[in-house]
Every structure is written in structure tokens, then in C-alpha cells.
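Given next are the chains, with one letter for each unit.
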Amino acid sequence: QVTLVESGGGLVQAGGSLKLSCASSGAAFGDFALGWFRQASGLEREFIATISQGGATTSYGVGMKDRFTISRDNNENTGYLQMDNLKPEDTAVYYCAVKSGWSNSNPARYEIWGQGTQVTVST
């Protein structure tokens, strides 16, 4: 099965940008839909965006499309999340995940998860 490793998180000032990466190995990355999720301390995991296996179709969670952009490069076996105009309330652990078949906004439908990367947005 696929193994996912996230990177690119860190500390950023409000209004800044980060680009997260999700590197895959162990299986054909293009066989899976990709999702990005986040989980703030004490809260449930929140859907950010998903992209289809070939990258042609994307969908975003409520309030996400204006500041977040999901993408993938199957030739590099890597998914991305571009994050712009970050706000303190964006502080969370960010996860990438994959699933067989069609993309989905429900985290319970995803099969393999990365370890998460911390994003902290300061005022």
C-alpha cells in the first residue's frame, strides 16, 4: 500500500503563505484520490480539499477555496496544499490522506494517512 510523508509546516505570521507537500511511496500514487485535512487542538478533523486521481477534479470544504489550493504531480508521486493569507485560526496539524475510488470529504472514508505536519500562525 501507499505510504505518505508530509512536510512544509512551520511557524508563519498572519497573512503569510505555506506550501505543504505529501510525498508518497510504496504504491502508484495515481491510483488514489488525495485529500487534505486539519485538526486543531481539541476539535474534530476538518475537511480542506480533495483532488481526483488524475488531478482533473477538485473540491473544497466550506470557506476553503479562497485561500487554499490542492494539487498533485503524479510523475513526482507528490501532492500539495498551497495555503495563502493564513490566519491564527488556521493553526492546526495538517494531514494528507488517500483513498481508493472517488474523492470524498468524509475523513472516515480515507484509507491511508500521513503523520501530520504542524502549522502555527502567529498574530
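Higher on the page you've got the structure.
> Can you break down the pairing of strand β9 (residues 92-99) residue by residue, with the values?
The buried fraction of β9 is high, at seven of eight residues. Here strand β4 (residues 33-39) runs beside β9; their pairing, made up of seven bridges, is antiparallel. When the bridges of β9 are listed, L34 appears paired with V98. Relative to strand β11 (residues 117-122), β9 runs antiparallel, the two being bridged by three bridges. Residue Y94 lies in a different strand from β11, and its bridge partner there is T117. In this sheet, strand β10 (residues 112-113) lies alongside β9 in antiparallel orientation, the contact comprising two bridges.

> Describe in detail the sheet that holds strand β7 (residues 68-73), supporting the description with residues and values.
Two pairing modes exist for strands in a sheet, parallel and antiparallel, and in both the strands are linked by backbone hydrogen bonds. In spatial order, the strands read β1-β3-β8-β7; together these four strands make up an open sheet with antiparallel pairing. Where the open sheet ends on each side, the last strands, each with one partner, are β1 (3-7) and β7. This sheet shows a mean twist of 15° between the axes of neighbouring strands, independent of strand direction. Bridge count for strand β3 (residues 18-25) against strand β8 (residues 78-83) is six bridges, and the pairing is antiparallel. Across the sheet, L18 pairs through a bridge with M83, a residue of β8.

> Could you give me a rundown of the state of the cysteines, with the residues and numbers involved?
Throughout the structure, instances matching the rule amount to one disulfide. Residue C22 pairs covalently with C96 via a disulfide, S to S 2.1 Å. Torsion about the S-S bond of the C22 and C96 cystine: about 70°, corresponding to right-handed handedness. Here the residue C22 occupies a position in strand β3, and C96 occupies one in strand β9, the gap between them amounting to 74 residues. Across this residue pair, the class does not change: C22 and C96 are buried.

Cut-offs used in this document
- Counting restarts for each chain, with residues numbered from 1 along the sequence as it is written.
- With pLDDT at 70 or above as the cut-off, local features in this predicted model cover only qualifying residues; side-chain atom pairs require 80 or more to be listed or tallied, and sums for whole chains, interfaces and linings still use all residues.
- For the side-chain quantities, the full set of heavy atoms in the structure was used; hydrogens and water were omitted.
- Each residue is assigned to one of three classes by its accessible area relative to the maximum for its type, calculated with a 1.4 Å probe on protein chains only: buried under 20%, partly exposed between the two thresholds, exposed over 50%.
- In DSSP terms, a helix is any run of H or I states spanning at least four residues, a strand is any run of E spanning at least two, and both are numbered starting from the N terminus.
- When DSSP finds at least two bridges between two strands, those strands are taken to pair.
- Every axis corresponds to a line fitted to the C-alpha atoms, with the helix fit spanning only the stretch in contact, and the corresponding angles, defined between N-to-C directions, vary from 0 to 180 degrees.
- Disulfide: a pair of cysteine sulfur atoms within 2.5 Å of each other.

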